[in-house]
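For reference, the chains in residue letters:
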Amino acid sequence: MKHIALIPAAGSGSRMASLTPKQYLDLSGKPLIWHTLSALAKVAELDRIVVVISPEDEWWDSFDWSGFARLEVLRCGGASRAESVLNGLYAVQAAEDDWVLVHDAARPCLDPALVSQMIAALTGHPVGGILAVPVADTLKLAQAGQHIAHTHPRDGLWQAQTPQMFRVAQLAHALATGMGPDITDEASALEKLGLQPQLIMGSPWNLKVTYPQDLRLAALILVAGQQ
Ligand code: CTP
Ligand code: MG
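Residues numbered from 1 in each chain as written. Chains lettered and ligands numbered in written order. Predicted model: local features only at pLDDT ≥ 70, side-chain atom pairs only at ≥ 80, totals over all residues.

As named in an unreviewed UniProt entry, the chain is 2-C-methyl-D-erythritol 4-phosphate cytidylyltransferase, taken from Iodobacter fluviatilis. Per its UniProt entry, the chain bears the Sequence similarities (unreviewed entry) comment "Belongs to the IspD/TarI cytidylyltransferase family. IspD subfamily." Its UniProt record, at the heading Catalytic activity (unreviewed entry), says of the chain: "2-C-methyl-D-erythritol 4-phosphate + CTP + H(+) = 4-CDP-2-C-methyl-D-erythritol + diphosphate". (UniProt positions renumbered as here; feature names shortened; annotations may be inferred.)

Attention now moves to unusual backbone geometry. Cis rather than trans, the peptide bond between T162 and P163 has omega equal to 5°. Following the sequence through the fold, P163 ends up in strand β10 (residues 158-167). You will see that A17, though not glycine, has its phi angle at about 50°, which is positive. Looking at where A17 falls in the secondary structure, it is placed in the loop between β1 (3-8) and β2 (26-27). By the C-beta count within 10 Å, which is 9 here, A17 ends up exposed. A positive phi angle, near 60°, is found at Q146, a position not held by glycine. (Helix = DSSP H or I, 4+ residues; strand = E, 2+ residues; numbered from the N terminus. Buried ≥ 20, exposed ≤ 12 C-beta atoms within 10 Å, placed from the backbone.)

Structural data, given as structure tokens:
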């Protein structure tokens, strides 16, 4: 039974408003995805590291990836994140009960120790689980015009992160049967089957680079993580 990291990297980064997809933007002197792969490369428990890029990707080949062991690339990204992951699962040639750890290319500040902890906690688990952090802020439900309708209790609310770790065949089945706009992460597809993924404590530093200002924050986190 293997542990395979699957990294969806086929998005266009529309909220970043840059011609270059955000996974290839410069972050501390390297393409952003370099940091993501570098963190995963430090996880000894991972047998394979598989990146899913778009068939139209013009950037991947312009970088030198030879320093990364265990790295594979699949040019089978789809129109949505869920489609990219599902296409990757179909193409990855893994055993049905192998574990897949899906991790956003756009999360470059991942702490490798958290991935090892997750693998240790979930390898005997019947379903799998995700990194997540408890919601810290007070939550408001807005009506039209940004009027507050009410304050939503935050007890029991967590923010999903990645990696998200599930069995290859079960995740492929969940995504294939549940595919739709409501499936915004792997866990939501498993939940649609009535299963209950485990929450594993993540880190607020594991941010997803989404907007331009996130790049500056990610650069600061990378420096802080090295101290
Ligand atoms: N992703 C993907 N295939 C898609 C869309 C997204 O593999 N069709 C990947 C992105 O490359 C990213 C991860 O899924 O690593 C998380 O998605 P997100 O942060 O939403 O990235 P984008 O979709 O590229 O950004 P945006 O939503 O702003 O366009
Ligand atoms: Mg997106």
